[in-house]
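Residue strings, one per chain:
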Amino acid sequence: MCLLKKGDVGDPKSFRPISLLSSARKIIEAAIDILLRRSYSNNPVHLRFQKGKSTEVGTLRATELQNRGQKCVAVLNLSVAYETVPRGFLIQHMRSVLLPSICGMAEAPLGPSCISTIGDSEKRWFLIDKGVPQGSPLSPSLYNLFLCEFAERIFSVSGDIADIPTVLFVDDVLLTVKSPEGLQALLDIATK
């Protein structure tokens, strides 16, 4: 089943695929999610999917950074973020930060899978090798792991250009630094 997001009804990219997961699979993935969340620490700049962190906390943090003199700002919206996460990269990163047993369980939903079209005169199959599974209890944690790698890369070069160079909230990124050169350095990393 697909839901129309926006755009031309004749364009497949205008639709979001919806899959119904079995109750048993959701229960198992929720249990894996609990283990996954216990086995790694979020980067402090990533405010979503953490208890007690909200949009309001992100707004207050951004205001505080601006008051500290970090007035060069870029706001990035990582459009279709969940759908474009490169699974191979995510698995590689998971293997570097998680215990092998937990990583093995969390990798299972990321394995290559196929979807087929229904209602076409010819049935076509498509390989899925990007994105976190839609509707899975694991998806927010898997996406968070992916963005934590991004935050670590930003922090690795920030040095003297910023106190806290970024605030992450789901698929929105706020880069905030003191100089245009510093902002360009962070934008270069974000591009990569």
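Not measured: the values here are computed from a predicted model.

Procedures and definitions
Residues numbered from 1 in each chain as written. Predicted model: local features only at pLDDT ≥ 70, side-chain atom pairs only at ≥ 80, totals over all residues. Heavy atoms only, no water. Phe/Tyr/Trp six-rings, centres within 6.5 Å; stacked < 30°, edge-to-face > 60°. Helix = DSSP H or I, 4+ residues; strand = E, 2+ residues; numbered from the N terminus. Contact = heavy atoms within 4.5 Å.

Draft legend 1. Inspection of the packing of aromatic side chains at higher detail. What the rule picks out here adds up to two aromatic pairs. Ring centres of Y143 and F146 lie 6.3 Å apart, and the angle between their planes is 40°; on these two criteria the pair is classed as tilted. Of this pair, Y143 and F146 both sit in helix α6 (residues 139-158), three residues apart, which is roughly one turn of that helix. Grouped by ring-pair contacts, the aromatic residues F89, Y143 and F146 constitute a single cluster.

Draft legend 2. The arrangement of the environment of A185 in detail. Looking at the secondary structure, you find A185 in helix α7 (residues 180-191). Along the sequence, A185 and I154 sit 31 residues apart, while their C-alpha atoms lie 9.1 Å from each other.

Draft legend 3. Fine view of the side chain of R87. Inspection of the secondary structure assignment puts R87 in helix α4 (residues 87-97). Ignoring sequence-local partners within four residues, the contact set of R87 consists of P109, L110, G111, S113, I128, D129, K130, G131, V132 and P133.

Such coordinate-based values are descriptive only and should not be taken to indicate function.
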